[in-house]
Amino acid sequence: GLGDVYKRQEGKSVFSGIAIGKISILQKADTSVKRTKVENPEAEITRVQEAKEKAVEQLQKLYDKALREVGESGAAIFEVHQMMLDDEDYLDSIDNIIRTENVNAEYAVATTGDNFADMFAQMDDDYMKARAADVKDISDRLVRVLSGHDEGDMDAAEPSIIVAEDLAPSETVQMDKSKVLAFVTRKGSSNSHTAILARTMNIPALIGVPLELEKLHNGTIAVVDGKKGAFFLDPDENEIHLARVQQEEEQEQKRLLENYKGRESVTKSGKKIHVFANIGSVSDVAYVLENDAEGIGLFRSEFLYLGRSGLPDENEQFNAYRQVLQMMAGKKVVIRTLDIGADKNVDYLGLG
């Protein structure tokens, strides 16, 4: 039937595995804003101040959560956003538009956001250029608070397959990890936050799946096959059965592997092999210890440079290295200082 064409879609797998469950579509809140005349501009200015305080609170929560889950460099962005919300030029511009044009707070915030984002985007300095997205982000947040579209806290009652256009760092940090079975996104790169998160969380993830989000419905059953890079919507009983069988085989493999924890790594012929793990951040050390690796074969420490707007200072790097070495308690750790290039772009280094 017609459905079959749409049923199976291919994407690029960034972490394999099989997930079966309901889909939960992460829609971007509609931040389109109407311009309305207001009788009382001072009341609108008060609304902006209240919204700003609420937005700062939200960002503080995000910062705390990110700090626990992805470490300091991943959390820094939310600190930058808090500072930007307190920027006098930014706030003055909003107040000015409200007073001179007698318009609603939402419109003044959105307009200021666009103006400032354009201004940053035109600058020569790459660090400043990268701020355009941040101004847009804080303005959208303020508009959401003002219009009562609060943070959708992704409180799905049951674990689900998260389907989205793309996922921003702030969205991935907000998710309750126990409620995510898999990620499926239309955009994204194998080095996106989504991909890094999927690998850290050990869950299947597909990127570049040609989805038509507006045609999907929350709660539809789907299968994510990370091995084949396939996404099945509304699978029939047979397809679900096959996926379950594969899932059980996978879990069985995992259980068999668990038996080797705490044992020496020795080949049948008695040769000792060192089994090391790879990490991308201080928080990954938890997995290394939990899985009884003998050391760290690659600490990809360029993650200190990614997802931020300026260089980490020497102190921050030193502290990250020190924490990892302390936690590994004398076991071998190989540090890669910096690998930035084709897939990992760091605008502020200006590498062209």
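A. Expanded view of the pattern of salt bridges. Considering all chains together, one arrives at 20 salt bridges under this definition. Here Arg8 and Glu10 are joined by a salt bridge, their closest N and O atoms 2.7 Å apart. Residue Arg8 is classed as partly exposed on the basis of its relative accessible area, which comes to 36%. Take Glu10: its relative accessible area is 43%, and that puts it in the partly exposed class. The shortest N-O distance in the salt bridge between Arg47 and Glu44 comes to 2.9 Å. Here Arg47 pairs with Glu44, and both are found in helix H2 (residues 41–70), just three residues apart, close to one helical turn.

B. Spatial organisation of the pairing of strand E11 (residues 332–336). The pairing of strand E10 (residues 295–300) with E11 spans four bridges and is parallel. Directly across from Gly295, in E11, lies its bridge partner Lys332. A crossover connection joins E10 to the parallel E11 through helix H12 (residues 314–328); in handedness this β-α-β unit is right-handed.

C. Focus on the nonpolar core. Core analysis: the biggest nonpolar cluster contains 32 residues, and Phe78, Leu85, Tyr90, Ile94, Ile98, Val109 and Leu142 have the highest contact counts within it. Residue assignment for this core shows that the elements contributing at least two residues are H2, helix H3 (72–85), helix H4 (88–101), helix H5 (105–122) and helix H7 (131–146). Per element, the largest residue contribution to this core is eight residues, and it comes from H2. Residue contacts for Ile98: discarding those within four places in its chain leaves Pro41, Glu44, Ile45, Val48, Val103, Ala105 and Ala108.

D. Focus on the sheet that holds strand E7 (residues 221–225). Pairing in this open sheet of eight strands is mixed, and the strands run E1-E8-E7-E3-E4-E5-E6-E2 from one edge to the other. Either end of the sheet is taken by a strand with one partner, and the two such strands are strand E1 (8–10) and strand E2 (12–15). Neighbour-to-neighbour, the strand axes of this sheet turn through a mean angle of 30°, independent of strand direction. Relative to E7, strand E3 (residues 18–25) runs antiparallel, the two sharing five bridges.

E. Quick look at the environment of Arg263. Within the secondary structure, Arg263 is located in the loop between helix H10 (237–258) and strand E9 (277–279). With 29 residues separating them along the chain, Arg263 and Asp292 place their C-alpha atoms 8.8 Å apart. For Arg263, the side chain forms a polar contact with the main-chain oxygen of Asn259, separated by 3.3 Å.

F. How the structure looks around the sheet that holds E10. Spatial ordering of the open sheet is given by E9-E10-E11, a layout of three strands whose pairing is parallel. The open sheet has two free edges, formed respectively by E9 and E11, since each of these has just one partner strand. Taken over all neighbouring pairs, the strand axes of this sheet differ in orientation by 20° on average, direction set aside. Relative to E10, E9 runs parallel, the two being bridged by three bridges. Counted as the bridge partner of Ala277 is Ile296 from E10. Against the sheet, H12 contacts E9, E10 and E11, and its axis sits at roughly 165° relative to E10.

G. Structural view of the pairing of E3. Along E3, seven of the eight residues are buried, which leaves the element largely enclosed by surrounding structure. Both E3 and strand E4 (residues 160–164) contribute to a ladder of three bridges, which runs parallel. Across the sheet, Ser24 pairs through a bridge with Ile162, a residue of E4.

H. Quick look at H3. Look at H3: 20 Å from first C-alpha to last across 14 residues, which is about the 20 Å you get at 1.5 Å a residue. Of the positions making up H3, those classed as buried are Ser73, Ala75, Ile77, Phe78, His81, Gln82, Met84 and Leu85.

I. Fine view of a negative patch on the surface. Together, Asp87, Glu88, Asp89 and Asp92 make up a negatively charged patch on the protein surface. Within the fold, Asp89 resides in helix H4. Residue classification places Asp89 among the exposed residues on the basis of a relative accessible area of 52%.

J. Focus on the packing of H2 against H7. Taken N-terminus to C-terminus, the directions of H2 and H7 make an angle of 115°; their axes are 9 Å apart at the nearest point. Considering only the axes of H2 and H7, their crossing is right-handed. Where H2 abuts H7, its residues Arg47, Val48, Ala51, Lys52, Lys54, Ala55, Gln58, Leu59 and Leu62 lie against Arg141, Leu142, Val145 and Leu146. The class makeup of the residues in the contact of H2 with H7 is eight nonpolar, one polar and four charged.

K. Here's a closer look at the side chain of Arg131. Along the chain, Arg131 turns up in helix H7. If we skip the residues at most four places from it in the chain, Arg131 touches Met84, Phe120 and Ser309.

L. The arrangement of H12 in detail. For H12, which comprises 15 residues, the first-to-last C-alpha distance of 21 Å matches the rise-based estimate of 21 Å (1.5 Å per residue) to within 8%. Among all positions of H12, only Glu316, Gln317, Ala320, Tyr321, Val324 and Met328 are buried. Around the axis of H12, the buried residues are gathered within 130° of arc, so they sit on the same side. Set apart from the buried face of H12 by more than 90 degrees, the exposed residues are Glu314, Asn315 and Gln326. Ala329 occupies a position one or two residues after H12 and carries a positive phi of about 45°.

Cut-offs used in this document
- Residues numbered from 1 in each chain as written.
- Predicted model: local features only at pLDDT ≥ 70, side-chain atom pairs only at ≥ 80, totals over all residues.
- Heavy atoms only, no water.
- Salt bridge = Lys/Arg side-chain N within 4 Å of Asp/Glu carboxyl O.
- Buried < 20%, exposed > 50% of the residue type's maximum accessible area, 1.4 Å probe, protein only.
- Helix = DSSP H or I, 4+ residues; strand = E, 2+ residues; numbered from the N terminus.
- Pairing = 2+ DSSP bridges.
- Right-handed = clockwise from strand over helix to strand, strands pointing away.
- Core = buried A, V, L, I, M, F, W, Y, C linked by side-chain atoms within 4.5 Å.
- Contact = heavy atoms within 4.5 Å.
- Axes fitted to C-alpha atoms, helices over the stretch in contact; angles between N-to-C directions.
- Polar contact = N/O pair within 3.5 Å; in protein donor to acceptor, adjacent residues only side chain to side chain.
- Expected span 1.5 Å × (residues − 1).
- Patch = residues over 30% accessible without salt bridge, like charges linked within 9 Å, V, L, I, M, F, W, Y side chains within 5 Å.
- Areas by Shrake-Rupley, 256 points an atom, 1.4 Å probe, with all protein chains shown as cover.
- Lys, Arg positive; Asp, Glu negative; His and termini not counted.
- Charge placed at Lys NZ, Arg CZ, Asp CG, Glu CD.
- Left-handed = near helix turned anticlockwise from the far one by under 90°.
- Nonpolar A, V, L, I, M, F, W, Y, C, P; charged D, E, K, R; others polar.
- Arc of directions from axis to C-beta.

All quantities given are derived from atomic positions and should not be read as evidence of function.
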